[in-house]
Amino acid sequence: MKINLFTPMLEEQNKIEEAFREFPTLFHTYHCTKTGIGREKIAKAMMSKPDSDLDILVGFTAVTGNENTMPEELKKGMPVEVTASSLYGFQGGLFENGKLRLTTSKTHLPCLSSLTSDRFITTTDIPVGTLINMEDYTFMYLKRPQDLIIRVISDFLPHESPIDFFEVIKDISFTPIIQLLEELR
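Remember, it's a predicted structure, so these values are computed and weren't measured experimentally.

Parameters and conventions
- Residues numbered from 1 in each chain as written.
- Predicted model: local features only at pLDDT ≥ 70, side-chain atom pairs only at ≥ 80, totals over all residues.
- Heavy atoms only, no water.
- Helix = DSSP H or I, 4+ residues; strand = E, 2+ residues; numbered from the N terminus.
- Rg over C-alpha atoms; globule rule 2.2 N^0.38 Å.
- Buried < 20%, exposed > 50% of the residue type's maximum accessible area, 1.4 Å probe, protein only.
- Contact = heavy atoms within 4.5 Å.
- Core = buried A, V, L, I, M, F, W, Y, C linked by side-chain atoms within 4.5 Å.
- Polar contact = N/O pair within 3.5 Å; in protein donor to acceptor, adjacent residues only side chain to side chain.
- Pairing = 2+ DSSP bridges.
- Right-handed = clockwise from strand over helix to strand, strands pointing away.
- Arc of directions from axis to C-beta.

Notes on the overall build of the protein
Thought 1: What the protein contains, in helices and strands, is five helices and eight strands.
Thought 2: Moving toward the C terminus, one meets the helices and strands of the protein in the order β-α-β-α-β-β-β-β-β-α-β-α-α.
Thought 3: Here the C-alpha atoms of the protein give a radius of gyration of 16 Å, agreeing with the 16 Å that 2.2 N^0.38 yields for 185 residues.
Thought 4: Structurally, the protein occupies a C-alpha span of about 50 × 35 × 25 Å along its principal axes.
Thought 5: Within the protein, the fraction of its 185 residues that count as buried is 50%.
Thought 6: A sequence separation of at least 24 residues applies to 76% of the contacts in the protein between residues at least 6 apart.

Laid out in structure tokens, this is it:
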């Protein structure tokens, strides 16, 4: 199977490449593309993507809530599948909201809803366990039925104190993602 992996950030692409090195042989053929951050960049990457059997958006995500009260499967470093996505933005005094996009689960991972925004989220009216990112909504519109989004929990919102994101993600491994993909037939 040919699998395209789309990663918004260089750090995510590096994590994927590190994970590949954990496997002496790979059953599937992978192509990894660093798209850049944001809705427009993921759209451009999807429009010029190589042929594949499966496209997967892989990346870090913040999740609303307190890590201490989250179940084990929603702790830092855990992969989750995005099965619902919506859009929220605020541009020039106008709200830009998108309708909810849904897909069916294709993994055994916990399934969460994602809020895509390229604006800083300041509201506290977001349900606990919502993923916050900038690309999922666009990917949901452009993906095929078999394609999926896997996010890795990096941090929790609202932050109780300032964080160094690159320090926070330093010890997170993407090996479980490659292991999951290698089990697909």
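What to know about the nonpolar core
Thought 1: One finds Leu5, Ile16, Ile56, Phe174 and Leu181 to be the most contacted residues of the largest nonpolar core, which totals 23 residues.
Thought 2: Look past the residues within four positions of phenylalanine 174 in its chain and what remains in contact with it is Glu12, Lys15, Ile16, Ala19, Val58, Phe60 and Val152.
Thought 3: Of all hydrophobic cores here, the second largest spans 17 residues; its members include Met46, Met70, Val82 and Phe139.

Looking at helix H5 (residues 175-182)
Thought 1: Among the eight residues in H5, six count as buried, and that is most of the element.
Thought 2: Within H5 the residues assigned to the buried category are Thr175, Ile177, Ile178, Leu180, Leu181 and Glu182.

Comments concerning the side chain of aspartate 136
Thought 1: With respect to the helices and strands, the residue aspartate 136 is situated in helix H3 (residues 136-142).
Thought 2: When its relative accessible area of 0% is taken as the criterion, aspartate 136 is described as buried.
Thought 3: In this structure the side chain of aspartate 136 is engaged in a polar contact, spanning 2.8 Å, whose partner is the side chain of serine 114.
Thought 4: Setting aside residues no more than four positions away along its own chain, aspartate 136 makes contact with Leu57, Val82, Ser85, Ser114, Thr116, Ile149 and Arg151.

Examining the pairing of strand E2 (residues 29-34)
Thought 1: As defined by bridge partners, strand E1 (residues 2-7) adjoins E2 across six bridges and the pair is classed as parallel. Residue pairing across strands places phenylalanine 6 opposite threonine 33, the latter belonging to E2.
Thought 2: Handedness of the crossover joining E1 and E2 through helix H1 (residues 10-20) is recorded here as right-handed.

Section: the environment of leucine 131
Thought 1: Inspection of the secondary structure assignment puts leucine 131 in strand E7 (residues 131-133).
Thought 2: Residues leucine 131 and leucine 5, spaced 126 residues apart in sequence, show a C-alpha to C-alpha distance of 19 Å.
Thought 3: Leaving out residues up to four positions away in the same chain, leucine 131 has contacts with Thr61, Ala62, Val63, Val80, Val82, Leu112, Ser113, Ser114, Leu115 and Arg151.

Here's the deal with helix H2 (residues 39-47)
Thought 1: Within H2 the residues assigned to the buried category are Arg39, Ile42, Ala43, Ala45 and Met46. Along H2, the residues classed as buried sweep out an arc of 165° about the axis, all on the same side. Residues Lys44 and Met47 are exposed on H2 and point more than 90 degrees away from its buried face.

Looking at the environment of proline 127
Thought 1: Here proline 127 lies in the loop between strand E6 (111-116) and E7.
Thought 2: The class of proline 127 is exposed, set by a relative accessible area of 55%.
Thought 3: Residues proline 127 and phenylalanine 166, spaced 39 residues apart in sequence, show a C-alpha to C-alpha distance of 26 Å.

Concerning the side chain of glutamine 13
Thought 1: For glutamine 13, the position within the fold is in helix H1.
Thought 2: In this structure glutamine 13 touches Thr7, Cys32 and Lys34, once residues within four positions along its chain are discounted.

Limitation: the analysis is restricted to geometry and does not speak to function.
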